[in-house]
Amino acid sequence: MFHTILIIVFMSCLLISNVVGIRFVIDREECLSITVDYEGDTVYVSFVVIKAESPWHFTEDGVDLVIKGPSGDRVFDMHDKTSQKHDFIAHKKGLYHFCFTNKSPYHETIDFDVHVGHFAYHDQHAKDEHFKPLFDLIAKLEEALYNIQFEQHWLQAENDRQAVVNEKMGKRAVHKALIESAALIGASVLQVYLLQRLFERKLGLSRV
Amino acid sequence: MAANNWNHHIPVVLLLVILWCTTTQGIWLDLPESGTKCVSEDIHNNVVVLADYSVINHQEDSHLHPAATISVKVTSPYGNNLHHNENATHGQFAFTTTESGNYLACFWVDGNHRAGDRLTVSLDWRVGIAAKDWESVAKKEKIEGVEFELTKLEGAVEAIHENLIYLKNREAEMREVSEKTNARVAWFSIMSLGVCIGASVLQVWYLQRFFHKKKLI
């Protein structure tokens, strides 16, 4: 009875995965850290730049991400991306740092998601051989489900980004039309005024 | 006798193991010395949110100097204050969302600390299915083993399904905005063209009148 309970508890601990999804505003540089408890864990990381807080955003600037391991070694880096998904195997356990750098002069909102999936085997307490393959399969299933949740979070962040872009596009269309009309009216008034002045001067000279 | 001893020790062992499993999670944020650091998440209505934060002390002589303290403020999308704590080194908050939108948790460092300390806050933020207390569910429903694991998976699958429905609705909204933008581009371009033609007609008419008046035509 005790052994069964211990197996259950160990198995439920194994299936607790580390999933985090947050949004933050980045100014120049921002660093986040996460602890990886077991060697050989796969770390899935994704980020999406939701919006840049500037009224007229001309270029598609992205952010840089540098992933550093526990001993300061550079695990991975990517430059100028607005949305990216990446996974790597953590060979060492410890604190992993994810540092974002923002090169554009505006603040940007970034949606960051990291998921550490581990899949450890605890055979010393599995006295009951009948259950072990079943628990392994359940662990695999749970890992797959957490992966789906991770992908869904990224998809949601991408959707949010597109929603922001769409709204901006709608507003821009209206502003463009109004400014264009105003410019046209202004240009025609100016034309009329200049022609009037020209002919009045010419007429004034010739009639005198 | 031995069985009785084991029965006493089981809850303690379970508690220790569960605590060990759950204390090593969360994300670490670096707090700037002045100004606030805010993290947010877009959460829909009627979702349980559970969060735990604590200050991590990097200094080697941390036992000599008192730890720096932080202040926390959590606000709902409509500006309601959900949790406010000052001068704390650790704490937690839990709430069920009543509004759908962006929930913001802001941290800032209190004034009473040495300059040059690098302050790191560990934030463990769980939303929805991750915040569910499975141990109490197991105790209440009296399930264990395979059934318990499968119940957890069922919860996860339902959460995924709900999320998918939410994504579908968001996409439907976005599609409407796109269609509206498409219609707007068309109508406002025609309006622009109309303004251009109207302005040129007015110009021609005005100049004709002007030249008539000046007896040129």
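Here is what the cut-offs are and how they apply
Residues numbered from 1 in each chain as written. Chains lettered and ligands numbered in written order. Predicted model: local features only at pLDDT ≥ 70, side-chain atom pairs only at ≥ 80, totals over all residues. Heavy atoms only, no water. Helix = DSSP H or I, 4+ residues; strand = E, 2+ residues; numbered from the N terminus. Polar contact = N/O pair within 3.5 Å; in protein donor to acceptor, adjacent residues only side chain to side chain. Contact = heavy atoms within 4.5 Å. Buried area = accessible area lost by both parts, 1.4 Å probe. Salt bridge = Lys/Arg side-chain N within 4 Å of Asp/Glu carboxyl O. Nonpolar A, V, L, I, M, F, W, Y, C, P; charged D, E, K, R; others polar. Pairing = 2+ DSSP bridges. Disulfide = S-S within 2.5 Å. Buried < 20%, exposed > 50% of the residue type's maximum accessible area, 1.4 Å probe, protein only. Axes fitted to C-alpha atoms, helices over the stretch in contact; angles between N-to-C directions. Expected span 1.5 Å × (residues − 1). Patch = residues over 30% accessible without salt bridge, like charges linked within 9 Å, V, L, I, M, F, W, Y side chains within 5 Å. Areas by Shrake-Rupley, 256 points an atom, 1.4 Å probe, with all protein chains shown as cover. Core = buried A, V, L, I, M, F, W, Y, C linked by side-chain atoms within 4.5 Å.

Participant: Residues and numbers for the side chain of S71 of chain B, please.
Facilitator: Residues and elements named next belong to chain B. Mapping S71 onto the fold places it in strand 4 (residues 70–75). In this structure the side chain of S71 is engaged in a polar contact, spanning 3.4 Å, whose partner is the side chain of E86. When neighbours within four sequence positions are excluded, S71 is seen to be in contact with N85, E86, N87, C106, F107, W108 and D110.

Participant: Report on the interface of chain A and chain B, specifying residues and quantitative values.
Facilitator: Each partner contributes residues to the interface: chain A has 66 residues there, and chain B has 62 residues. Carbon and sulfur atoms supply 68% of the area that chain A and chain B bury against each other, a total of about 5700 Å² over both sides. On the surface where chain A and chain B come into contact, there are two salt bridges. Residues R170 of chain B and D160 of chain A are paired through a salt bridge, measuring 2.8 Å at the closest nitrogen-oxygen approach. Those elements that provide at least two residues to the side of chain A that touches chain B are helix 1 (2–14), strand 1 (18–26), strand 2 (29–36) and helix 2 (132–207) of chain A. The element that contributes the greatest number of residues to the side of chain A that touches chain B is helix 2 of chain A, accounting for 37 residues. The residue makeup of the side of chain A that touches chain B, split by class, is 39 nonpolar, 18 polar and nine charged. Here three bridges tie strand 2 of chain A to strand 1 (residues 27–31) of chain B, and the two strands are oriented antiparallel to one another.

Participant: For the state of the cysteines, give the residues involved together with the corresponding values.
Facilitator: By definition, a disulfide links two cysteine residues through a covalent bond between their sulfur atoms. One pass over the full model with this rule turns up two disulfides over all chains. Put simply, C31 of chain A and C99 of chain A are joined by a disulfide, and their sulfur atoms are 2.0 Å apart. Residues C31 of chain A and C99 of chain A are joined by a disulfide whose S-S torsion is about 115 degrees; by sign, that bridge is right-handed. With a gap of 68 residues between them, C31 of chain A in strand 2 and C99 of chain A in strand 7 (residues 94–102) connect regions that are remote in the sequence. Summarising the burial analysis for this pair, C31 of chain A and C99 of chain A share the class buried. Put simply, C38 of chain B and C106 of chain B are joined by a disulfide, and their sulfur atoms are 2.0 Å apart. Between C38 of chain B and C106 of chain B, the S-S torsion sits near 105 degrees, and that sign places the bridge as right-handed. One end of the pair, C38 of chain B, is in strand 2 (residues 36–43); the other, C106 of chain B, is in strand 7 (residues 101–109), and 68 residues separate them in sequence.

Participant: So what about the sheet that holds strand 5 (residues 74–81) of chain A? Which residues, and what values?
Facilitator: The strand order across the open sheet formed by eight strands is 5(A)-4(A)-7(A)-2(A)-1(B)-8(B)-3(B)-6(B), and the pairing between neighbours is antiparallel. The sheet is open, and its two borders are formed by strand 5 of chain A together with strand 6 (90–96) of chain B, each paired with just one other strand. Across the sheet, the mean angle from the axis of one strand to that of its neighbour is 20 degrees, orientation sign disregarded. Alignment of strand 3 (residues 48–57) of chain B against strand 6 of chain B, held across seven bridges, turns out to be antiparallel. Within the sheet, the bridge partner assigned to S54 of chain B lies in strand 6 of chain B and is H90 of chain B.

Participant: Kindly report on the pattern of salt bridges, identifying the contributing residues and their values.
Facilitator: Note that side chains of opposite charge can pair when their charged atoms are close. Residues and elements named next belong to chain A. All chains considered together, the criterion is met by 13 salt bridges over all chains. Among the salt bridges present, the one from R23 reaches D111, with a minimum N-O distance of 2.8 Å. Within this pair, whereas R23 is found in strand 1, its partner D111 is found in strand 8 (residues 108–117), the two being separated by 88 residues in sequence. Side by side, R23 and D111 carry an identical accessibility label, which is buried.

Participant: Got a sec to walk through helix 3 (residues 146–213) of chain B? Specific residues and values, please.
Facilitator: Its 68 residues place the ends of helix 3 of chain B 99 Å apart at the C-alpha level, agreeing with the 100 Å of an ideal helix rising 1.5 Å per residue. Just beyond helix 3 of chain B, the residue with positive phi is K215 of chain B, at close to 60 degrees.

Participant: Got a sec to walk through a nonpolar patch on the surface? Specific residues and values, please.
Facilitator: On the surface, a nonpolar cluster with roughly 310 Å² of combined accessible area is contributed by L190, Y193 and L194 of chain A. Of note, L194 of chain A is situated in helix 2.

Participant: Describe the nonpolar core, naming the residues involved and giving the relevant values.
Facilitator: Where a protein is soluble and globular, its nonpolar side chains tend to be buried together. In terms of nonpolar packing, the biggest core is built from 48 residues, with I22, F24, F98, F100 and F112 of chain A together with I70 and F107 of chain B touching the most fellow members. With residues near it in sequence (within four places) discarded, I22 of chain A still touches L32, I110, D111 and F112 of chain A together with I27, L29, V39, S40 and W125 of chain B. Grouped together as the second largest cluster of nonpolar side chains are seven residues, F135 of chain A together with L153, A156 and I160 of chain B included.

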